[in-house]
Amino acid sequence: MPIDAAKAVAAEPRSGEIAWDHKDIQLYHLGLGAGLPATDPDELRYTLESRLHVLPSFATVAGAGMASLGGLAAPGIDVDLTQVLHGGQSVELHRPIPVKGKAVQTSRVEAVYDKGKAAVIVLRTEAADDAGPLWTCDAQIFVRGEGGFGGERGPSQRLELPDRAPDLTVEKFIREDQALLYRLSGDWNPLHADPEFAKLGGFDRPILHGLCSYGMTLKAVVDTVLGGEVARVTSYNTRFAGVVYPGETLRVRMWQSPGRVQVSVTAVERDDAPVLADTTVVHT
């Protein structure tokens, strides 16, 4: 049987040391489109080492990039990687991420849910340094054709949008070369760079990384709602609802409530096709 949920969840966590410095932070921010205009003081917080702060979504690429997906090789899991989709992502910040750091990262299978025609594997990655916990990331991995094993269906993450106009709307253009730059932070999947490989995946050209859209969206919220204060973010979660292509524009709609921003992200050029859904940023 391809998935043995009990065996996967019971498996020993995998741990390893990760490290990063200002170059990793700057490269990640540039991959999200930061630095335009290049001399804007607000953008220099993302690009200039003497003013640098760290966008919390950096936790998804810190150290070894997509290393958490190594959990798909855990005992009890034997799946066809061509049937794997990144269904959702959450980051919980225990304190601000330092510009230079070293931590122990531990990954494990937190849960396996049976959705009938598919399985959802929750891969949890936790990082801690000498001062204590830094972050906890959950990646929800959707595996087509692997459901029906009799497991729990798991929680529903659908979140209705407020029945009113958004408080803020911004548009973020995706440069033609943005996926090529973003992949240097650790996700080397050729789906995001090689046109021939993209066609094998059913796309007419390479698509942008979902986690790039994820980071771009958090930057938009931090810059417009939180006054550029990255340390105010305590958690951020989303569901990947559709693809977006380099050269397109993200429309980011935001609804504010005390301590929380609800977000919807769509592709402008394709009649507001969904990109990110069920998205919230919790903040102080």
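Just above, that's the structure.
As the structure is a computational prediction, the values presented were derived from the model and not from experiment.

Some details on the nonpolar core
And then number 1: One finds W20, F58 and W135 to be the most contacted residues of the largest nonpolar core, which totals 52 residues.
And then number 2: For this core, the element with the highest residue contribution is helix α6 (residues 210-224), accounting for eight residues.
And then number 3: What W135 contacts, discounting residues up to four positions off in sequence, is I18, W20, A59, A62, E92, L93, H94, I97, Q105, T125, E126 and A127.
And then number 4: Of all hydrophobic cores here, the second largest spans 16 residues; its members include I3, A8, A74 and V79.

Concerning the pairing of strand β10 (residues 273-283)
Within a regular beta strand, the side chains point alternately toward one face of the sheet and then the other, so they alternate between its two faces.
And then number 1: Counting buried positions over the 11 residues of β10 gives nine, a clear majority of the element.
And then number 2: Where strand β7 (residues 233-240) lies against β10, six bridges are found, and the strand directions are antiparallel. Residue pairing in the sheet places N237 in a bridge with T280 of β10.
And then number 3: Sheet topology places strand β9 (residues 260-267) next to β10; seven bridges connect them, and they run antiparallel. Its bridge partner being in β10, V263 is matched across the sheet by T279.
And then number 4: The hairpin turn running from β9 into β10, its antiparallel successor, is five residues long, and D271 in that turn takes a positive phi close to 55 degrees.

Describing helix α2 (residues 22-31)
And then number 1: Along α2, the positions that sit buried rather than exposed are I25, Q26, Y28, H29 and G31.
And then number 2: Those residues of α2 that are buried are in contact with β1 (14-20), α3 (41-47), α4 (178-182) and α6.
And then number 3: Just downstream of α2 lies G33, where phi reads positive at about 95 degrees.

What counts and how
Residues numbered from 1 in each chain as written. Predicted model: local features only at pLDDT ≥ 70, side-chain atom pairs only at ≥ 80, totals over all residues. Heavy atoms only, no water. Core = buried A, V, L, I, M, F, W, Y, C linked by side-chain atoms within 4.5 Å. Buried < 20%, exposed > 50% of the residue type's maximum accessible area, 1.4 Å probe, protein only. Helix = DSSP H or I, 4+ residues; strand = E, 2+ residues; numbered from the N terminus. Contact = heavy atoms within 4.5 Å. Pairing = 2+ DSSP bridges.

Purely spatial values, then, with no claim about function.
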